[in-house]
Amino acid sequence: MICNALFICSISIDLALTGIVGFQLTPIPMLATLPFALITVGAATTTWGAAGLMQRVGRQAGFMIGTSLGVMGGVISVWAVLHGHFWVFCLGTFMVGVWQAFAQYYRLAAADNVSEEDKSKAISWVLAGGLIAALIGPALANWSRGWLGDPFFAGAYVAVTCLALTSLILLLFYRDEANFRTRAHVLGRSVAFGDLLSRPIYQAAVVNSTVSGVVMMFLMTGAPIAALGCGLGVEDSTSIIQWHLVGMYGPSFFVGILISRYGLVRIMHVGNLLTFVSVVLAVASQTTFAFHAALLTLGVGWNFMFVGGTTLLAKSHTTDEQARAQGFAEFLRFGGTALGAVAAGPLLQSMGWQIMNIIVLPLLAAALWFTIKWDGKTTGDQMNG
């Protein structure tokens with residue numbers, strides 16, 4: 001939970017400022033969001049390999065390798081900003097993305113170490129660490145951006161480096177007994193993709209996790225620049241992201257309880273509905289209040305859909321299938337979010353903030369359909385039983 005909080009805090013700094021820094025450094029305005037998008041690209045291209053590596057060397061070693069690359073990414077970003085090198089800055093953010101590829105397995109590592117009925121609670125508590133990031137990250141971005149006295153916020157990436165170093169130290173004390181017990185048993189086993197993809201529970205898990213990630217990243221990446229384009233200031237942009245992060249991670253303190261009380265399906269449907277409401281708010285108005293309300297609601301919707309999808313993922317496979325099932329699901333999720341992040345800048349420039357929100361509606365419809373399909377199959381099996 002603490003390591004996840006440190007990672008999300010660093011990402012919130014990147015989220016608040018990297019689009020603006022990219023706009024300042026790039027000679028092509030359409031590429032302004034590319035550095036931040038490359039965080040997701042870095043995660044997408046390494047997440048499957050990260051799962052396989054941790055299956056072989058253990059969670060602790062894998063987490064430390066990924067975090068070390070995050071430290072390097074922070075250092076490179078500082079140098080690039082100080083020297084005005086846009087493409088070197090892109091390399092730094094890409095390496096932070098590799099850190100993300102490993103860090104996003106924190107929640108699955110927690111789920112793998114608890115009983116079936118406690119998986120959603122374990123996942124939600126790990127994600128709850130992100131609330132610390134929601135409260136501290138954007139404020140740290142504002143505070144640290146002037147540390148080195150440059151006009152392009154290099155000090156903020158010093159903060160990213162320090163957060164990664166702190167996480168690396170904490171990981172020296174991490175142990176994952178479940179992984180150590182099963183690692184030798186799992187190596188060499190394989191599972192056909194056709195078998196995985198034919199399971200309604202796995203389909204619902206992958207689609208909900210992917211759609212929630214794509215929609216959230218697509219709109220979140222464009223929001224700070226869209227806010228500036230509507231006349232809001234840098235402080236407003238960081239405040240919007242701060243409240244968005246509160247929406248993303250605040251519900252983690254109680255979403256596990258809600259799932260136990262009302263059922264996983266209902267919570268996933270509520271998450272889908274809240275994401276739809278955020279689109280309506282964003283289309284209806286571009287005031288400061290509207291941006292805050294839309295991004296806050298988007299964050300809560302993401303949390304419900306993402307915790308639900310992750311819970312289904314943890315339940316959808318056996319120990320023998322763990323690396324391939326989790327790696328493939330995370331690869332699809334990060335691949336989709338990478339496309340969303342990369343597309344955010346050009347579509348914002350060409351279509352505007354309102355159209356950006358409208359075009360995510362078919363994705364929400366797809367997530368709803370796969371959830372209903374899985375729920376119907378589960379209900380049918382229970383009736384037949």
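Since the model is a prediction, treat every value here as computed from it, not as a measurement.

Undergrad: Would you take a moment to explain the overall build of the chain for this structure?
TA: When helices and strands are counted, the chain shows 18 helices and zero strands. For the chain, the C-alpha radius of gyration of 20 Å lies close to 21 Å, the compact-globule estimate for 385 residues. By residue count, 58% of the 385 residues in the chain fall in the buried class. Considering only contacts in the chain between residues 6 or more positions apart, those separated by 24 or more positions represent 84%. Approximately 14600 Å² of the chain is accessible, and the part contributed by carbon and sulfur atoms is 70%.

Undergrad: I'm lost on the packing of aromatic side chains in this one. Help?
TA: The relation between two aromatic rings is expressed through the spacing of the ring centres and the mutual angle of the planes. Enumeration over the complete set of coordinates arrives at 13 aromatic pairs. Between Trp 48 and Phe 331 the ring centres are 5.6 Å apart and the planes differ by 40°, which places this aromatic pair in the tilted class. You can see Trp 48 sitting in helix 2 (residues 34-57) and its partner Phe 331 sitting in helix 16 (residues 322-351), a full 283 residues away along the chain. Its relative accessible area of 32% is what places Trp 48 among the partly exposed residues. On the basis of an interplanar angle of 15° and a centroid distance of 4.7 Å, the ring pair of Trp 302 and Phe 306 is categorised as stacked.

Undergrad: What should I look at first to understand the side chain of Thr 18 in this one?
TA: Along the chain, Thr 18 turns up in helix 1 (residues 2-25). Residues within four places of Thr 18 in sequence aside, it is in contact with Ile 13, Ala 32, Pro 35, Phe 36, Phe 89, Thr 93 and Tyr 157.

Undergrad: Help me understand helix 1, please; the structure alone is not making it clear to me.
TA: Because an α-helix packs 3.6 residues into every turn, residues spaced three or four apart end up facing the same way. With 24 residues, helix 1 extends 33 Å between its outermost C-alpha atoms, agreeing within 8% with the 34 Å of an ideal straight helix rising 1.5 Å per residue. If you look at helix 1, its biggest bend is around 45°, right at Leu 17. Among the 24 residues of helix 1, 21 are classified as buried, and the element is accordingly described as predominantly covered.

Undergrad: Can you walk me through the packing of helix 1 against helix 8 (residues 154-170) in this structure?
TA: In a pair of packed helices, the angle between the axes and the distance between the axes together describe the arrangement. Running from N to C, helix 1 and helix 8 point in directions that differ by 165°, and their axes come no closer than 9 Å. Looking at the two axes, helix 1 sits roughly antiparallel to helix 8. By crossing handedness, the relation of helix 1 to helix 8 is classed as left-handed. Contacts from Ile 2, Cys 3, Leu 6, Cys 9, Ser 10, Ile 13, Asp 14, Leu 17, Thr 18 and Val 21 in helix 1 reach Ala 156, Tyr 157, Ala 159, Val 160, Leu 163, Thr 166, Ser 167 and Leu 170 in helix 8. Among the residues forming the contact of helix 1 with helix 8, the class breakdown is 13 nonpolar, four polar and one charged.

Undergrad: In this structure, what is going on with the environment of Pro 224? I would like to understand it.
TA: Inspection of the secondary structure puts Pro 224 in helix 11 (residues 200-229). Separated by 33 residues in sequence, Pro 224 and Ile 257 have C-alpha atoms that sit 33 Å apart. In contact with Pro 224, not counting residues within four places along its chain, are Leu 15, Ser 237 and Ile 241.

Undergrad: What's the story with the environment of Trp 79 in this structure? I'm lost.
TA: Relative to the helices and strands, Trp 79 is located in helix 3 (residues 59-83). Each C-alpha atom of the pair Trp 79 and Ala 122 lies 38 Å from the other, and the pair is 43 residues apart in sequence. Non-local contacts of Trp 79, meaning those with residues more than four positions away in its chain, are made with His 85 and Val 88.

Undergrad: Would you take a moment to explain the side chain of Ser 209 for this structure?
TA: Relative to the helices and strands, Ser 209 resides in helix 11. Beyond its immediate stretch of four places on either side in the chain, Ser 209 contacts Phe 306, Gly 309, Thr 310 and Arg 333.

Undergrad: Before we go on, may I ask you to explain the pattern of salt bridges in this structure?
TA: Oppositely charged side chains can pair when the atoms bearing their charge come close. This model, assessed by the stated rule, comprises two salt bridges. Note that Arg 107 is salt-bridged to Glu 330, the shortest N-O span being 3.0 Å. With Arg 107 in helix 5 (residues 106-112) and Glu 330 in helix 16, this pair connects stretches of sequence that are 223 residues apart. Its relative accessible area of 3% is what places Arg 107 among the buried residues. Exposure remark for Glu 330: the relative accessible area of 1% places this residue in the buried category.

Undergrad: Hey, could you run me through a nonpolar patch on the surface in this one?
TA: Among the surface-exposed residues, Met 1, Trp 125, Phe 253, Phe 254 and Ile 257 lie close enough to one another that they form a single nonpolar patch of about 480 Å² accessible area. Of note, Ile 257 is situated in helix 13 (residues 255-262).

Undergrad: Hey, could you run me through the nonpolar core in this one?
TA: The nonpolar side chains of a soluble globular protein tend to be buried with one another. Ile 13, Leu 17, Val 21, Phe 63, Tyr 157, Tyr 202 and Tyr 249 are the most contacted members of the largest nonpolar core, which totals 87 residues. Here the element with the most residues in this core is helix 1; it accounts for 13 residues. Excluding residues within four positions of it along the chain, Leu 17 makes contact with Ala 141, Arg 145, Phe 153, Ala 156 and Tyr 157. Grouped together as the second largest cluster of nonpolar side chains are 26 residues, Ala 226, Leu 298, Ala 344 and Trp 353 included.

Undergrad: So what exactly am I meant to see when it comes to helix 12 (residues 234-249) here?
TA: Taking 1.5 Å of rise per residue, 16 residues should cover 22 Å, and helix 12 covers 23 Å from first to last C-alpha, within 8% of that figure. Among the residues making up helix 12, those that are buried are Ser 237, Thr 238, Ile 240, Ile 241, His 244, Leu 245, Val 246, Gly 247, Met 248 and Tyr 249.

Undergrad: What exactly am I supposed to notice about the confidence of the model for the chain here?
TA: Do not read the fine detail of predicted coordinates wherever pLDDT is low. Averaged over the chain, the pLDDT score is 85; the fraction of residues at 70 or greater is 93%. Confidence scores differ between elements of the chain, with helix 9 (residues 177-186) showing the lowest mean pLDDT of 49 and helix 14 (residues 264-284) the highest of 95. Across residues 180-189, confidence stays below pLDDT 50; counting only partners more than four residues off in sequence or on other chains, it has 14 contacts.

Undergrad: Sorry, what's going on with the packing of helix 1 against helix 12 here?
TA: At a closest axis distance of 10 Å, the pairing of helix 1 and helix 12 adopts a crossing angle of 145°. Crossing geometry of helix 1 relative to helix 12 is assigned as right-handed. Only Val 234, Thr 238, Ile 241, Leu 245 and Tyr 249 of helix 12 make contact with helix 1, whose side of the interface consists of Ile 8, Ser 12, Leu 15, Ala 16 and Ile 20. In terms of residue class, the contact of helix 1 with helix 12 is made up of eight nonpolar, two polar and no charged.

Definitions and limits used
- Residues numbered from 1 in each chain as written.
- Predicted model: local features only at pLDDT ≥ 70, side-chain atom pairs only at ≥ 80, totals over all residues.
- Heavy atoms only, no water.
- Helix = DSSP H or I, 4+ residues; strand = E, 2+ residues; numbered from the N terminus.
- Rg over C-alpha atoms; globule rule 2.2 N^0.38 Å.
- Buried < 20%, exposed > 50% of the residue type's maximum accessible area, 1.4 Å probe, protein only.
- Contact = heavy atoms within 4.5 Å.
- Areas by Shrake-Rupley, 256 points an atom, 1.4 Å probe, with all protein chains shown as cover.
- Phe/Tyr/Trp six-rings, centres within 6.5 Å; stacked < 30°, edge-to-face > 60°.
- Expected span 1.5 Å × (residues − 1).
- Bend = angle between axes of the 7 residues up to and from the residue.
- Axes fitted to C-alpha atoms, helices over the stretch in contact; angles between N-to-C directions.
- Parallel < 35°, antiparallel > 145°, perpendicular 65-115°, else oblique.
- Left-handed = near helix turned anticlockwise from the far one by under 90°.
- Nonpolar A, V, L, I, M, F, W, Y, C, P; charged D, E, K, R; others polar.
- Salt bridge = Lys/Arg side-chain N within 4 Å of Asp/Glu carboxyl O.
- Patch = residues over 30% accessible without salt bridge, like charges linked within 9 Å, V, L, I, M, F, W, Y side chains within 5 Å.
- Core = buried A, V, L, I, M, F, W, Y, C linked by side-chain atoms within 4.5 Å.
- pLDDT = per-residue confidence, 0-100.

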